[in-house]
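This is what each chain is made of:
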Amino acid sequence: MSNAIIQIPVVVNEPVKAYGAGSPERIALQAAYQEMYNTVTEVPQYIGSEEVFSGNKMEIRPPHDHQRVVGYYHKGTQEDVKKAIAVALETRKTWAQTPWQTRAAIFLKAADLIAGPYRAKINAATMIGQSKNAMQAEIDSACEFIDFLRFNVKFMTEIYADQPVSSPNVWNKVEYRPLEGFTFAITPFNFTAISGNLPSCMALMGNVVVWKPSDKQLLSAKVIMEVFKEAGLPDGVINMVLTGGAETAETCISHPDFSGLHFTGSTQVFKDLWKKIGSNIDIHKTYPRIVGETGGKDFVVAHQSAKAKDVAIGLVRGAFEYQGQKCSAASRAYIPSSLWGEVEKEMKEMLASITVGSPEDFTNFVNAVIDEKAFDKISGYITRAKEASDAEVIMGGNFDKSKGYFIDPTVIKTTNPKYESMVEEIFGPVLTVYVYEDDQYEETLQLVDQTSDYALTGALYALDADALALGYKKLENAAGNFYINDKPTGAVVGQQPFGGARASGTNDKAGSAMNLLRWTSVRTVKEQFVHPTDYRYPFLEK
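Residues numbered from 1 in each chain as written. Predicted model: local features only at pLDDT ≥ 70, side-chain atom pairs only at ≥ 80, totals over all residues. Heavy atoms only, no water.

### Brief notes about the pattern of salt bridges
Point 1. Per the counting criterion, the structure on display carries 30 salt bridges.
Point 2. Across the salt bridge formed by D65 and K403, the nearest N and O atoms sit 3.3 Å from each other. Remark: K403 occurs in the loop between β15 (399-400) and β16 (406-407) and D65 occurs in the loop between β4 (57-60) and β5 (71-74); sequence separation between them is 338 residues.
Point 3. For D65, a relative accessible area of 11% translates into the label buried.
Point 4. The salt bridge involving E372 is made with K401; its shortest N-O contact spans 2.9 Å. Of this pair, E372 sits in helix α12 (residues 372-387) while K401 sits in the loop between β15 and β16, and the two are 29 residues apart along the sequence.
Point 5. Connected through salt bridges with shared partners, the residues E14, D112, R119, E138 and R150 form a single ionic network. (Salt bridge = Lys/Arg side-chain N within 4 Å of Asp/Glu carboxyl O. Helix = DSSP H or I, 4+ residues; strand = E, 2+ residues; numbered from the N terminus. Buried < 20%, exposed > 50% of the residue type's maximum accessible area, 1.4 Å probe, protein only.)

Below, the structure written as structure tokens:
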């Protein structure tokens, strides 16, 4: 390559397509959906150059039509995981030395492939496998994933450009090396973009990866690997294994060359992984990096000065988009008594117009929850609320799993601010409302801060400047992503870096340079140009 200080293409957020009736993108998506829905897809493991079809086939069924088999994934063994580690470590010898421009080009090409020829396919896979409607798939598996890929390249170049000052006769430099060893990514079912970002952002920085995706997300995981391969990612940089989660974690974490964990999932699983890493610390060659984004019990607080309709829309969208299966979803709301009547009226009118069903029907706002285990857990909260003395179901409350795992958007109203559904993460289309007296605003802010162990997202609605300032201060540790007069979901890469603290994770902010820095190991280099002629310093003079 000729010598040049190369500038990457200008990076902007990928525009969200509307999918209106008769639009080209809707026609293309419907066609891709039908093709995939009527085809039995086989999902292999990807280990080095091999696509491993084990023959131990596990069914893939859409959550909204669990009687239908749309594919199989080939379950692997811990021998496959050990092989993936070995392949990754061998690949590291060349990948870690690959110029940054080459790495950048691969992932920029992957972004363009998703934006173009793979857009309908990855969205259809997300709709079918994860039961997302067209818009939720578009903002996730297309736009957010594209944004991660493009913005991460931008962040990488900004990191590399950050250099120390030099003094006379000296040139100081820092090199941002990949971590020594291999990294391990564990990804969830609910966001295709997260599943693509966790392994790829580490790979972009020169690391090699063993990736364990959720078995509820494998249609779109397969498309991710197809895109990476077409983009030119060398075999062995990202190795996708389809194995048991606990066993795979044990195999990876107990390896001497384990150098980092990138995790999104439940708080308890993350805590268990952290303990395992700590118990293995004596065998690791280096201190592993640990990055995790876990659960949330995300709040919406309204002040009496807020507009009722703004609050109602924020609650309906924030709580019920993608069936509340977002770690950022609005799950508990605190509404002043003077505002509640109008908010309740607005919400009831909105929810009356919402339909629940298959994402194949574009008029459905709400689709199925991910599986029977989730259905039983979520419906249990609703059933108990119907029988509780300090809570009542005031909207929704119906559920049916005969064809798909469908739960109506449900609102529980409680007189107990520590009622179970105000405290515990549900991860479903259930919102619990606590109505407080207008003159108890400051006390309610303190209640919000102290009710949950989590601190992921939260929203504050108020038009009164003093009320906003007070909430801003009182809730400073209650959410890593804080929204003023907006719903607590929908963080955009490059605009709202995402992550929370407390029990919600390490707050390393996906969608920013902060996260990429975690996957680098810095080496400082000092080069001396002119040397001293004597060991003696002036202070030694008599």
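### Brief notes about the sheet that holds β5
Point 1. Read from one edge of the open sheet, three strands run β1-β5-β4, paired in mixed fashion. The sheet is open, and its two borders are formed by β1 (41-43) and β4, each paired with just one other strand. Pairs of neighbouring strands in the sheet enclose a mean axial angle of 25°, with direction left out of account.
Point 2. Note that β1 and β5 share three bridges and pair parallel. Paired with V43 across the two strands is Y73, which belongs to β5.
Point 3. Of the strands in this sheet, β1, β4 and β5 are in contact with helix α7 (residues 218-231), which crosses β1 at around 70°. (Pairing = 2+ DSSP bridges. Axes fitted to C-alpha atoms, helices over the stretch in contact; angles between N-to-C directions. Contact = heavy atoms within 4.5 Å.)

### With respect to the environment of Y381
Point 1. Examined against the element boundaries, Y381 turns out to sit in helix α12.
Point 2. Sequence separation between Y381 and Q67 is 314 residues, and the spatial gap between their C-alpha atoms is 25 Å.

### Regarding the sheet that holds strand β13 (residues 330-336)
Point 1. If you trace the seven strands from one edge of the open sheet to the other, you get β14-β17-β18-β13-β12-β20-β21, paired in mixed fashion. Each having just a single partner strand, β14 (391-395) and β21 (481-484) make up the two edges of the open sheet. Going from strand to strand, the sheet's axes swing by 20° on average, the running direction of each strand aside.
Point 2. Sheet topology note: the β14/strand β17 (residues 410-414) ladder contains four bridges and is antiparallel. Bridge assignment links E392 to a residue of β17, and that residue is K413.

### Concerning the nonpolar core
Point 1. Judged by nonpolar contacts, the single largest core of 96 residues is most densely connected at F107, W211, F228, I238 and L261.
Point 2. Non-local contacts of F228, meaning those with residues more than four positions away in its chain, are made with F107, A110, F145, L149, G196, S200, L233 and I238. (Core = buried A, V, L, I, M, F, W, Y, C linked by side-chain atoms within 4.5 Å.)

### A few points about the packing of helix α10 (residues 308-320) against helix α11 (residues 337-352)
Point 1. Put simply, α10 and α11 touch, their axes get as near as 8 Å, and they point 50° apart. In terms of axis orientation, α10 runs oblique to α11. Classified by chirality, the crossing of α11 by α10 is right-handed. Facing α10, whose interface residues are A308, K309, V311, A312, I313, L315, V316 and F320, α11 presents L339, E342, V343, E346, M347, M350 and L351.
Point 2. For the contact of α10 with α11, the class distribution of residues is 12 nonpolar, no polar and three charged. (Parallel < 35°, antiparallel > 145°, perpendicular 65-115°, else oblique. Left-handed = near helix turned anticlockwise from the far one by under 90°. Nonpolar A, V, L, I, M, F, W, Y, C, P; charged D, E, K, R; others polar.)

Note that all results are geometric; they support no functional claim without further evidence.
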